[in-house]
Amino acid sequence: TSAAIDNLFTKTPPAQQIGGTVYFDPDNSGGAFTGADSPVAGITLELLDAGGTVLGTTTTNAAGQYLFSSLSLPALAPGAGYQVRLATPPAGTT
């Protein structure tokens, strides 16, 4: 009797991703994250499609980073329009 080893390999296509960093900008300089800025953890963000429908939510990590990926949101498509917004803006912000 001979033994056989079967392998099944699959290729995962590259994911479509939308991500960034939420941070406090104490000098209101805007633009890129700098050493004077502080990352904000625990902020809930929503991803909306071009029609304003919420596709998913995520929360910033300890470094203030967030990521929406087509691996968890199959509706993400290249070239489509999306918007990221705070689920609940902090008091006193717009």
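Just so it is clear, the structure is predicted and the values come from calculations on it, not from any experiment.

Thresholds applied
- Residues numbered from 1 in each chain as written.
- Predicted model: local features only at pLDDT ≥ 70, side-chain atom pairs only at ≥ 80, totals over all residues.
- Heavy atoms only, no water.
- Pairing = 2+ DSSP bridges.
- Helix = DSSP H or I, 4+ residues; strand = E, 2+ residues; numbered from the N terminus.
- Axes fitted to C-alpha atoms, helices over the stretch in contact; angles between N-to-C directions.

**A look at the sheet that holds strand β7 (residues 82-86)**
Strands sit in the order β5-β4-β7 across an open sheet of three strands; the sheet is antiparallel. Each edge of the open sheet carries a strand with a single partner, namely β5 (54-59) and β7. Averaged over all pairs of adjacent strands, the angle between strand axes in this sheet comes to 25°, irrespective of strand direction. Taken together, the five bridges between strand β4 (residues 44-49) and β5 define a ladder with antiparallel strand orientation. Across the sheet, the residue bridging to T44 is T59, located in β5.

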